[in-house]
Amino acid sequence: LGFGSRRSDRTRMRSNWEDDKTFDSFKIVDDDDFDLDGQESQLLYKSIPASWNEKRIAQDIEERLRVPVPDGMEDDLEALKWMWVQCTIMTRPPKPEYKEGATGWEKWRYERPKLIELENFYRENHQINRINLMIEYCEDKELAITRYSDNADYVQLMKNIQEILDTPPKPSKTIKFQGFPSMLDEETIMGTFTEFGEVTSLDIIPAESETDPKGISGTVVFADPECTKDAIKQWNGVDMGLGVQLKLEMVPEPEDS
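Conventions adopted
- Residues numbered from 1 in each chain as written.
- Predicted model: local features only at pLDDT ≥ 70, side-chain atom pairs only at ≥ 80, totals over all residues.
- Heavy atoms only, no water.
- Helix = DSSP H or I, 4+ residues; strand = E, 2+ residues; numbered from the N terminus.
- Buried < 20%, exposed > 50% of the residue type's maximum accessible area, 1.4 Å probe, protein only.
- Contact = heavy atoms within 4.5 Å.
- Areas by Shrake-Rupley, 256 points an atom, 1.4 Å probe, with all protein chains shown as cover.
- Axes fitted to C-alpha atoms, helices over the stretch in contact; angles between N-to-C directions.
- Parallel < 35°, antiparallel > 145°, perpendicular 65-115°, else oblique.
- Left-handed = near helix turned anticlockwise from the far one by under 90°.

(A) Fine view of the overall build of the chain. A count of helices and strands for the chain gives 12 helices and four strands. Counting all 257 residues of the chain, 40% fall into the buried class. Partitioning the intrachain contacts of the chain with sequence separation of at least 6 by distance along the chain shows that 66% fall at a separation of at least 24. Roughly 14,800 Å² of accessible area belongs to the chain as shown, and the carbon and sulfur atoms make up 47% of that amount.

(B) Broad picture of the environment of Gly197. Structurally, the position occupied by Gly197 is in the loop between helix 11 (186-194) and strand 2 (199-205). Judged by relative accessible area, which is 21%, Gly197 ranks as partly exposed. Separated by 28 residues in sequence, Gly197 and Pro225 place their C-alpha atoms 9.7 Å apart.

(C) Representation of the packing of helix 3 (residues 39-46) against helix 11. At a closest axis distance of 11 Å, the pairing of helix 3 and helix 11 adopts a crossing angle of 165°. In terms of axis orientation, helix 3 runs roughly antiparallel to helix 11. Between helix 3 and helix 11 lies a crossing whose hand is left-handed. Facing helix 3, whose interface residues are Gln39, Leu43 and Lys46, helix 11 presents Thr188, Gly191 and Thr192.

Written out as structure tokens, the structure reads:
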């Protein structure tokens with residue numbers, strides 16, 4: 001969608017917008033329910049690439065909403081930035097959340113971080129069959145044993161899975177993360193984590209470029225392991241609106257610690 005030819009597209013979109021009265025229902029910066037000073041809003045605002053001018057931000061808004069930005073805002077950079085923040089929050093998919101009372105794979109994957117490590121290892125090595133076995137075993141152990149008892153490799157994998165299930169993790173103070181937008185500085189990321197409690201260390205690996213899908217990654221260590229749980233619950237899976245998704249994983253404590 002090029003801006004040189006967007007005038008007719010915007011006229012058509014405005015007609016469609018007014019026809020279905022979306023214009024009247026869309027709130028921009030002055031919505032009482034939209035907290036400009038909230039942690040999430042501030043984080044998204046700071047993540048907007050410095051290279052984005054008014055036209056680039058307006059383009060992204062219009063592609064997300066399929067409606068034109070309101071008249072009078074096209075040259076207002078600050079207003080467009082906050083409209084983009086609200087638009088991002090409105091249109092992004094919901095983050096995956098652990099449900100109380102969950103069972104099977106959903107329960108164990110949440111309660112046993114080592115299962116996530118094992119899943120990630122198999123995914124990186126394109127061993128999808130082993131991931132499927134992990135899921136099946138957690139959902140119905142007896143059925144999985146019946147199905148795969150004649151495969152020695154799978155029998156060993158099921159023993160490994162059961163050992164993980166039988167061993168509750170020690171409380172961990174460390175989180176491994178990736179997906180913070182490349183424009184964020186260390187102070188902002190530190191502030192994001194200190195909202196949950198004292199941080200004793202923060203190590204950051206910068207994004208390779210402004211469009212790096214992995215974003216900024218690293219590890220953070222809290223003084224209290226309860227802060228680790230709270231941070232993961234709040235931010236893991238959040239879509240940051242720039243093609244990156246925050247991923248926060250608890251790093252298991254060493255067995256002999």
